[in-house]
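Tertiary structure, described
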Amino acid sequence: MRMFQAMTAALFSMTLAAAAPAQQSEPEVTLRFQHFVSPASANPTHFMQPWADAIEAQSNGRIKVEIYPFMQLGGAATDQYDLIRDGVVDGGWVIPGYQPGRFPEAEALELPFMTTKSAEEASRAAWAFTQEHLMDDFADVHLIAVHMHGRGLIHLRGAPIAALSDFNGLRLRGPSRPATLLLERLGATPVGMPVPAFPEALSRGVVDGGVITWEQAPSLGFAELIESHTDVAGDQSLYNLYFLWAMNRAVYEGLPDDLRAVIDANSGLMASAWAGRAHDTGDAEGRIAMEDAGNTIAELSPDLTAEIAVLGEAVITDWIAEMDARGFDGAGLVASARATVALETGSAPGPYSE
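The following paragraphs examine the structure supplied in this document. (Residues numbered from 1 in each chain as written. Predicted model: local features only at pLDDT ≥ 70, side-chain atom pairs only at ≥ 80, totals over all residues. Heavy atoms only, no water.)

Here we take up the overall build of the protein. A tally of regular secondary structure across the protein gives 12 helices and 11 strands. Principal axes of the C-alpha set define a box for the protein whose edges measure 100 × 50 × 40 Å. Counting across all 354 residues of the protein, residues that qualify as buried make up 52%. Across the protein, every contact between residues at least 6 apart in sequence was considered, and the portion connecting residues at least 24 apart equals 77%. Surface accessibility of the protein: about 14700 Å² in total, with carbon and sulfur atoms responsible for 54%. Counting 21 positive and 46 negative side-chain charges, the protein places the averaged centre of each group 5 Å from the other. (Helix = DSSP H or I, 4+ residues; strand = E, 2+ residues; numbered from the N terminus. Buried < 20%, exposed > 50% of the residue type's maximum accessible area, 1.4 Å probe, protein only. Contact = heavy atoms within 4.5 Å. Areas by Shrake-Rupley, 256 points an atom, 1.4 Å probe, with all protein chains shown as cover. Lys, Arg positive; Asp, Glu negative; His and termini not counted. Charge placed at Lys NZ, Arg CZ, Asp CG, Glu CD.)

What follows concerns the sheet that holds strand E11 (residues 296–299). With mixed pairing, the six strands of this open sheet are ordered in space as E7-E6-E8-E5-E9-E11. The sheet is open, and its two edges are formed by strand E7 (189–192) and E11, each paired on a single side. Neighbouring strand axes in the sheet, compared pairwise and without regard to direction, differ in orientation by 25° on average. Sheet analysis places strand E6 (residues 171–174) next to E7, joined by four bridges and oriented parallel. (Pairing = 2+ DSSP bridges. Axes fitted to C-alpha atoms, helices over the stretch in contact; angles between N-to-C directions.)

Turning next to the pairing of strand E5 (residues 153–156). Moving residue by residue along a regular strand, the side chains alternate between the two faces of the sheet. The alternating pattern of E5 places Leu153 and His155 and Ile154 and Leu156 on opposite faces, both of which are buried. As defined by bridge partners, E5 adjoins strand E8 (residues 209–212) across four bridges and the pair is classed as antiparallel. The residue bridging leucine 153 from the neighbouring strand is isoleucine 212, located in E8. Of the pairings in the sheet, the one linking E5 to strand E9 (residues 228–231) comprises three bridges and is antiparallel in character. Looking at the pairing, histidine 155 lines up with histidine 229 of E9.

On to helix H10 (residues 269–292), then. With 24 residues, H10 ought to run about 34 Å at 1.5 Å a step, and its terminal C-alpha atoms sit 35 Å apart, in line with that. Listed as buried for H10 are Ala271, Ser272, Ala273, Trp274, Ala275, Gly276, Ala278, His279, Gly282, Asp283, Gly286 and Met290. Looking at the buried residues of H10, the elements they touch are helix H2 (42–58), strand E3 (91–94), helix H4 (119–133), strand E4 (141–148), helix H7 (222–225) and E9. Backbone geometry just after H10 places glycine 294 at a positive phi near 85°. (Expected span 1.5 Å × (residues − 1).)

A word on the side chain of histidine 155. Here histidine 155 is to be found in strand E5. Its relative accessible area of 0% is what places histidine 155 among the buried residues. A distance of 2.9 Å separates the side chain of histidine 155 from the backbone oxygen of isoleucine 212, its partner in a polar contact. One polar contact links histidine 155 to histidine 229, side chain to side chain, over a distance of 2.8 Å. In this view, histidine 155 contacts Asp208, Gly209, Gly210, Val211, Ile212, Thr213, Phe222, Ile226, Ser228 and His229; residues no more than four positions away in its chain are not counted. (Polar contact = N/O pair within 3.5 Å; in protein donor to acceptor, adjacent residues only side chain to side chain.)

Here the distance between the centres and the angle between the planes together describe a pair of aromatic rings. For the structure shown, the criterion picks out 13 aromatic pairs. When the centroid spacing of 4.9 Å and the interplanar angle of 35° are considered together, the rings of phenylalanine 33 and tryptophan 245 count as tilted. Of this pair, phenylalanine 33 sits in strand E1 (residues 29–34) while tryptophan 245 sits in strand E10 (residues 242–248); the two residues are 212 residues apart in sequence, bridging distant segments of the chain. On the basis of relative accessibility, which here comes to 0%, the residue phenylalanine 33 falls in the buried class. Among the residues examined, tryptophan 245 registers a relative accessible area of 1% and is labelled buried. Centre to centre, the rings of phenylalanine 138 and tyrosine 242 are 6.2 Å apart; their planes meet at 25°, and the pair counts as stacked. Taken together, the residues span a long stretch of sequence, with phenylalanine 138 in the loop between H4 and E4 and tyrosine 242 in strand E10 at a distance of 104 residues. On the accessibility criterion, phenylalanine 138 (1% relative accessible area) is buried. In this structure an aromatic cluster arises from ring pairing among Phe33, Phe47, Trp51, Trp245 and Trp274. Above the face of the tyrosine 252 ring, arginine 260 is positioned so that its terminal group lies 6.0 Å from the ring centre. (Phe/Tyr/Trp six-rings, centres within 6.5 Å; stacked < 30°, edge-to-face > 60°. Lys NZ or Arg CZ within 6 Å of the ring centre and 35° of its normal.)

Taken by themselves, the reported measurements are silent on function.
In structure tokens form, the structure reads like this:
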């Protein structure tokens, strides 16, 4: 009887153990990444969070990636590179152009009409260009991906651009030095500022508009703040912006080999193209949202686009001369940027023509 009771108790305990939910083991590593935009915008939705989920799944939960929007871990968007380098955060999203002049060679990809309007194509080219020219520039962080956004548009509180003279007197936000150089050539007054400051600047009348993508329009409140959106004709983007998805080098190198391999499997060309596709998806969604809001959507004529492209070439000529004066091969960088874009698109970028 005692033996029977013992066996019954043991079977009962085994049944309870089988029915109990499995205890989730704590991750070995928690990585804290941050960015400076809404979590509902395209890159966080279609790249950052899926990337984090892939890392957790492929590491069997041994790596947990926490994504913090709006710089919730501290610092400003303009300081993000240094926050990652110094280990204040484990990783995050960086726009090198937010520190004008610090990473001058990367500006080659941001010059007027340099990339197509496909963020995925531009991002593939950006990874190739980075491997050839920029790895030394970013040697004190670990690059996971580099990418570009999609088509850059002119967003205004008033009517859309219809003539070159319409730029005169406009105060327009620009995200990078090449963008502000182009806006100045167009006759506008450029105001450099990171994206988090853009909506308040619009609402307070500090700027009349600015250049940014479709995908950011909904999260920045453009349905209420903006009346018109103007794109150039053709397949090439008016301007573009270069991004890093990076982590602290010491944190990366301190991971066990098998966990480092999980990061590596979700890095490089594949991840760069993935980040670009996120912007293409967001651009399609953003345009629909602005159409639904009743905003005016316009495209410049081919002739006016060609006029702007001539001014863009002047920006590139000046940029080459400036880079040469700083000891860089400006013309070589422009030629290399155009060549890497051509490999992805089958046609070399250059002055717009019908």
